[in-house]
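Inside the fold
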Amino acid sequence: FSSSQAIDHLVELVRQQGLQADWSRHCAVVTHPRIGERARALGLGCIEASHPAPQAVAEAWGRLQGNPARGLDTM
């Protein structure tokens with residue numbers, strides 16, 4: 001996520017579909033500490049902080065997947 005608002009929009013979209021999400025089963029890459037705080041407040045199961053540059057985000061996603069060598073191919 002690159003904004004707290006993006007998290008809020010996702011939550012709203014899930015709600016509008018009449019779904020209940022178990023956010024603890026999901027992970028996210030966040031590009032700012034405040035976004036991480038919002039993700040933690042939502043109850044996301046794991047959060048990986050990253051610089052907002054595309055390669056840094058790809059590397060963070062790779063770390064979440066358990067393979068730091070995986071880059072953009074994980075997306």
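By convention here, each chain's residues receive numbers from 1 onward along its written sequence. Selection of residues for local features in this predicted model requires a pLDDT of at least 70, selection of side-chain atom pairs for listing and counting requires 80 or more, and totals for whole chains, interfaces and linings are taken over all residues. Here the side-chain values reflect all heavy atoms present in the structure, with hydrogen atoms and water set aside.

So, the pairing of strand β2 (residues 46-49)
Look at any regular strand and the pattern is simple: side chains alternate between the two faces of the sheet. Whether two strands pair depends on DSSP finding at least two bridges between them. Helix and strand assignments come from DSSP, with helices taken as H or I runs of at least 4 residues and strands as E runs of at least 2, each series counted from the N terminus. Strand direction decides the pairing type here: strand β1 (residues 27-30) and β2, joined by four bridges, are parallel. Its bridge partner lying in β2, Ala-28 is registered against Ile-47.

Some words on helix α3 (residues 54-64)
Helical geometry note: an α-helix holds 3.6 residues per turn, so side chains three or four residues apart project in the same direction. If you check which residues of α3 are buried, you get Val-57, Ala-58, Ala-60 and Gly-62. Gly-66, located one to two residues past α3, shows a positive phi value of around 85°. Categorising residues by exposure relies on relative accessible area from a 1.4 Å probe, with only protein chains included: less than 20% of the type maximum marks a residue as buried, more than 50% marks it as exposed, and the intermediate range marks it as partly exposed.

Re the state of the cysteines
A pair of cysteine sulfur atoms is labelled a disulfide when the two atoms are within 2.5 Å. Applying the stated rule across the entire model yields one disulfide. Between the sulfur atoms of Cys-27 and its disulfide partner Cys-46 the distance amounts to 1.7 Å. Looking down the S-S bond of the Cys-27 and Cys-46 bridge, the torsion is 90°, so its handedness is right-handed. Placement of Cys-27 in strand β1 and of Cys-46 in strand β2 is noted, with a sequence separation of 19 residues between them. We classify Cys-27 as partly exposed; its relative accessible area is 36%. Residue Cys-46 is classed as partly exposed on the basis of its relative accessible area of 25%.

On their own, these measurements won't tell you what the molecule is for.
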